[in-house]
Amino acid sequence: MPSRPDPRLVALLCLSLGSCTQDPVHSDSDDASTTDASTTDAPTTGDATADYPSLDERPCPEDSILTAENFGAPFMLTHCTGCHHAALKEGERAGAPLGVDFESLDKVRAQAAQIWARAADQNATMPPVGPPPADERAQLGEWLACGAPTAADL
């Protein structure tokens, strides 16, 4: 007998669907000088102006306090899982490939380099409606470079 989805997960998924669109819109939010640091409650620690050649070469600051709880999960819910979620069928994913899903920490960690290459630090091709502000992309880069830790990992 198939299990029923957790109603909290369904509610969160519904809330996050607003981050997807069939018609990508270019955003000028790449400019760190135009971002508003109040867009997230997560700690601000990343360097929003640094360019890194790859996630492997992106340093994890020794004093990083970013965790799945205070940054990663809310970021993924806000910007990613509206399209990248295993519960979504092909026609509901706004073009996101089947199997490229981020609803669990294990899946995020397994695809960290690909997530970084599309949405973190200087990379700003996802989500298709426009990238998050530069400071949030820097935080994503930091969190991924540190191994996408949870509070228990720190």
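Residues numbered from 1 in each chain as written. Predicted model: local features only at pLDDT ≥ 70, side-chain atom pairs only at ≥ 80, totals over all residues. Heavy atoms only, no water.

Structural notes on the confidence of the model for the chain
Here's step 1: Of the residues in the chain, 69% reach a pLDDT of 70 or more, and the chain-wide mean stands at 80.
Here's step 2: Here residues 1-40 is a poorly scored stretch, pLDDT under 50, and it has 56 contacts once near neighbours within four places are set aside; other chains count. (pLDDT = per-residue confidence, 0-100. Contact = heavy atoms within 4.5 Å.)

Details of the environment of phenylalanine 71
Here's step 1: Here phenylalanine 71 lies in helix α2 (residues 68-79).
Here's step 2: Overall, the relative accessible area of 2% leaves phenylalanine 71 in the buried class.
Here's step 3: Residues phenylalanine 71 and glutamine 139, 68 residues apart in the sequence, show an inter-C-alpha distance of 8.0 Å. (Helix = DSSP H or I, 4+ residues; strand = E, 2+ residues; numbered from the N terminus. Buried < 20%, exposed > 50% of the residue type's maximum accessible area, 1.4 Å probe, protein only.)

With respect to the packing of aromatic side chains
Here's step 1: Under the criterion given, the structure shown has two aromatic pairs.
Here's step 2: Arranged with centres 5.4 Å apart and planes meeting at 35 degrees, the rings of phenylalanine 71 and phenylalanine 75 form a pair that is tilted. Taken together, the residues phenylalanine 71 and phenylalanine 75, both in helix α2 and four residues apart, mark about one turn of the helix.
Here's step 3: Their ring planes at 70 degrees and their centres at 6.4 Å tell us that phenylalanine 71 and tryptophan 143 sit as a pair that is edge-to-face. Here the residue phenylalanine 71 occupies a position in helix α2, and tryptophan 143 occupies one in helix α5 (residues 134-145), the gap between them amounting to 72 residues. We note that phenylalanine 71, like tryptophan 143, is buried.
Here's step 4: Grouping aromatic residues by their ring pairs yields a cluster made of Phe71, Phe75 and Trp143. (Phe/Tyr/Trp six-rings, centres within 6.5 Å; stacked < 30°, edge-to-face > 60°.)

Some points on the state of the cysteines
By definition, a disulfide links the sulfur atoms of two cysteine residues through a covalent bond.
Here's step 1: Throughout the structure, instances matching the rule amount to one disulfide.
Here's step 2: One disulfide in the model links cysteine 60 with cysteine 146; its S-S distance is 1.9 Å. Where cysteine 60 bonds to cysteine 146 through sulfur, the torsion about that S-S bond is close to 100 degrees, and the disulfide is right-handed. Here the residue cysteine 60 occupies a position in the loop between α1 (7-16) and α2, and cysteine 146 occupies one in the segment after α5, the gap between them amounting to 86 residues.
Here's step 3: The exposure class assigned to cysteine 60 is partly exposed, which follows from its relative accessible area of 36%.
Here's step 4: Using a relative accessible area of 22% as the deciding quantity, one classes cysteine 146 as partly exposed. (Disulfide = S-S within 2.5 Å.)

Description of α5
Here's step 1: With 12 residues, α5 extends 16 Å between its outermost C-alpha atoms, agreeing within 8% with the 16 Å of an ideal straight helix rising 1.5 Å per residue.
Here's step 2: Burial within α5 is extensive, with 11 of its 12 residues counted as buried.
Here's step 3: Among the residues of α5, Ala134, Asp135, Glu136, Arg137, Ala138, Gln139, Leu140, Gly141, Glu142, Trp143 and Leu144 are the ones counted as buried.
Here's step 4: Where α5 is buried, its residues meet α2, α3 (105-110) and α4 (112-119).
Here's step 5: Positioned one or two residues after α5, glycine 147 has a phi angle of 95 degrees, which is positive. (Expected span 1.5 Å × (residues − 1).)

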